[in-house]
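Inside the fold
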Amino acid sequence: MNELIPTTLTSEVLKEKARSLGADLVGIADGALMDQFPPDPDNPRTPSHITEIDGARVIVLAKRISFATSRLPKWNDQHKFYGDELLISALEELALDLVFWMEDNGAPALLVPYHHVDPLKFTKGQDAQATHPLSAEHAAVEAGLGTLGLNHQLITPEYGPRVILGIVMTSADIEPDKKMADALCLGPECGRCLSACPADAVQHWDRDWVACDKYRSPFGFEFMSDYLTSVLKEPDQAAQIGMLRGMESSEIFQAMLRGSGIITGCRRCADVCPVGGDYEDLLKKWVDEIPEVTPEKLNRLKEMVAAATLPEAYEQQSRWIGNLDAKI
Ligand code: SF4
Ligand code: SF4
């Protein structure tokens, strides 16, 4: 159990420093509350699972993604993949600068790599591919930055879901923020994330993570392992060499150079979400029309709106989705 340690730092001073380093949003979650409420009790990943020394507070940093990349309609546009990858790098540097500034001020701090995936927890075809050591989205909700949406994407009042997150943990006794009570998501009455999803992975307050992973990490571990397995199984050596020199190998090579298409990928659900202070002026005109919408998707949304009760998936995540009373 992480115990708080005295500090001269205040939450205001810490947040000001994070902003001066380039963070667009910053919030502080109570690590003990995150220990108490793991998002997935069957696979609890909480601050105390990472450290029992420096996890009493979870500082969540966010940078907005570029508006121009959200205006690009294709889910697999390379400018999105590369832009997001550069943003992740910038956020990691920002978080590391914050770590050293905190430590220079007597508060040991631990950077938690948001995009690190535990390979031991990946079970092909049975589990979501990207199992992170700590859910940054849930930490962001606990830190008061926003709430989860219909497909469990984090939504913020400022930028909707269009943010990339970073995490720094510390046990310095700084004041945590409070969670928002009411959902920011407009629910299935909106459903734009479902309409736009190329994997059709958006469900009623849930997401098919296995289907989503093929798009949000198109050249990730699963793609690579499947491809290399198919090369090994090819009995004809000339064909095998051809495969190694083919398009898939090139895609894997390019993705591994930067992580683009591995730790970044589809975010159509974020691009089209109408929540956020940035939406009306900077996005609506360009993303209003959704080419991926189908009659089947619209019917499913109608059924969700008409449902007499909320699904179990909502009940399991209601702490982070927030109160829907005003919307359902
Ligand atoms: S990231 Fe892409 S595939 Fe996954 S839910 Fe969003 S739109 Fe669908
Ligand atoms: S697009 Fe609409 S339904 Fe989907 S997360 Fe955003 S507000 Fe909620």
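Residues numbered from 1 in each chain as written. Chains lettered and ligands numbered in written order. Predicted model: local features only at pLDDT ≥ 70, side-chain atom pairs only at ≥ 80, totals over all residues. Heavy atoms only, no water.

Focus: the sheet that holds strand β3 (residues 109-112)
The pairing of strands in a sheet happens through backbone hydrogen bonds and is either parallel or antiparallel. If you trace the 4 strands from one edge of the open sheet to the other, you get β1-β2-β6-β3, paired in antiparallel fashion. Single-partner strands in this sheet number two, and they are β1 (25-30) and β3. Within this sheet the neighbouring strands show an average axis-to-axis angle of 25°, counted without direction. When β3 meets strand β6 (residues 163-170), the two strands line up antiparallel, connected through 4 bridges. In the sheet register, alanine 109 faces β6, and the bridge partner there is threonine 170. Here helix α1 (residues 11-21) sits on the sheet and contacts β1 and β2 (57-64); the angle it forms with β1, its principal contact strand, is near 140°. (Pairing = 2+ DSSP bridges. Helix = DSSP H or I, 4+ residues; strand = E, 2+ residues; numbered from the N terminus. Axes fitted to C-alpha atoms, helices over the stretch in contact; angles between N-to-C directions. Contact = heavy atoms within 4.5 Å.)

Concerning the pairing of β6
With 8 of 8 residues buried, β6 lies mostly within the body of the structure. Alternating positions in β6 separate into two faces, Val163, Leu165, Ile167 and Met169 on one and Ile164, Gly166, Val168 and Thr170 on the other, with burial throughout. (Buried < 20%, exposed > 50% of the residue type's maximum accessible area, 1.4 Å probe, protein only.)

Regarding α1
The set of residues buried in α1 consists of Ser11, Leu14, Lys15 and Ala18. Buried residues of α1, seen end-on, are gathered within an arc of 95° and therefore sit on one face of the element. Exposed side chains of α1 directed beyond 90 degrees from the buried face belong to Glu12 and Ser20. In the core, the buried residues of α1 are packed alongside β1, β2 and α5 (78-104). The first or second residue beyond α1 is glycine 22, which carries a positive phi of 125°. (Arc of directions from axis to C-beta.)

Describing the nonpolar core
Counting residues in hydrophobic clusters, the biggest one holds 42 residues, and the most contacted among them are Val58, Val60 and Leu165. Taken domain by domain, the makeup of this core includes at least three residues from each of domain 1 (11-170) and domain 2 (192-310). Those residues within four positions of valine 60 in sequence are excluded, and the remaining contacts are Leu25, Val26, Gly27, Ala136, Ala139, Ala140, Ala143, Leu145, Leu165 and Gly166. Counting 24 residues, the second largest nonpolar core, distinct from the first, contains Val26, Ile28, Ile65 and Leu98. (Core = buried A, V, L, I, M, F, W, Y, C linked by side-chain atoms within 4.5 Å. Domains from an automatic or database assignment.)

A word on helix α9 (residues 221-233)
The terminal C-alpha atoms of α9 lie 18 Å apart, and with 13 residues this matches the ideal 18 Å at 1.5 Å per residue to within 8%. Along α9, the residues that are buried comprise Glu222, Tyr227 and Val231. Seen from one end, α9 has its buried residues packed into an arc of 165°, which puts them on one side. Opposite its buried face, α9 presents the exposed residues Leu232 and Lys233, each directed more than 90 degrees away. (Expected span 1.5 Å × (residues − 1).)

A look at the packing of α9 against helix α11 (residues 247-258)
Axis separation between α9 and α11 bottoms out at 11 Å; the angle between their running directions is 145°. Here the hand of the crossing between α9 and α11 comes out left-handed. For the pair α9 and α11, the contacting residues are Phe223, Met224 and Tyr227 in the first and Glu248, Ser249, Glu251, Ile252 and Met256 in the second. Tallied by class, the residues present in the contact of α9 with α11 amount to 5 nonpolar, 1 polar and 2 charged. (Left-handed = near helix turned anticlockwise from the far one by under 90°. Nonpolar A, V, L, I, M, F, W, Y, C, P; charged D, E, K, R; others polar.)

Some details on the site of ligand 2
Close contacts around ligand 2 come from 13 residues, with Cys185, Gly187, Cys190, Cys193 and Cys273 the closest. Partitioned by chemical class, the residues of the shell around ligand 2 number 9 nonpolar, 3 polar and 1 charged. Counting contributing residues, the shell around ligand 2 receives three or more from each of domain 1 (11-170) and domain 2 (192-310). (Near = heavy atom within 4 Å.)

Overview of the environment of valine 141
Counting through the fold element by element, valine 141 comes out in helix α6 (residues 136-142). Each C-alpha atom, one on valine 141 and one on tryptophan 320, is 6.1 Å from the other, the two residues being 179 residues apart in sequence. Other than its neighbours up to four places away in sequence, valine 141 contacts Gly146, Thr147, Leu148, Leu154, Lys179, Arg319 and Trp320.

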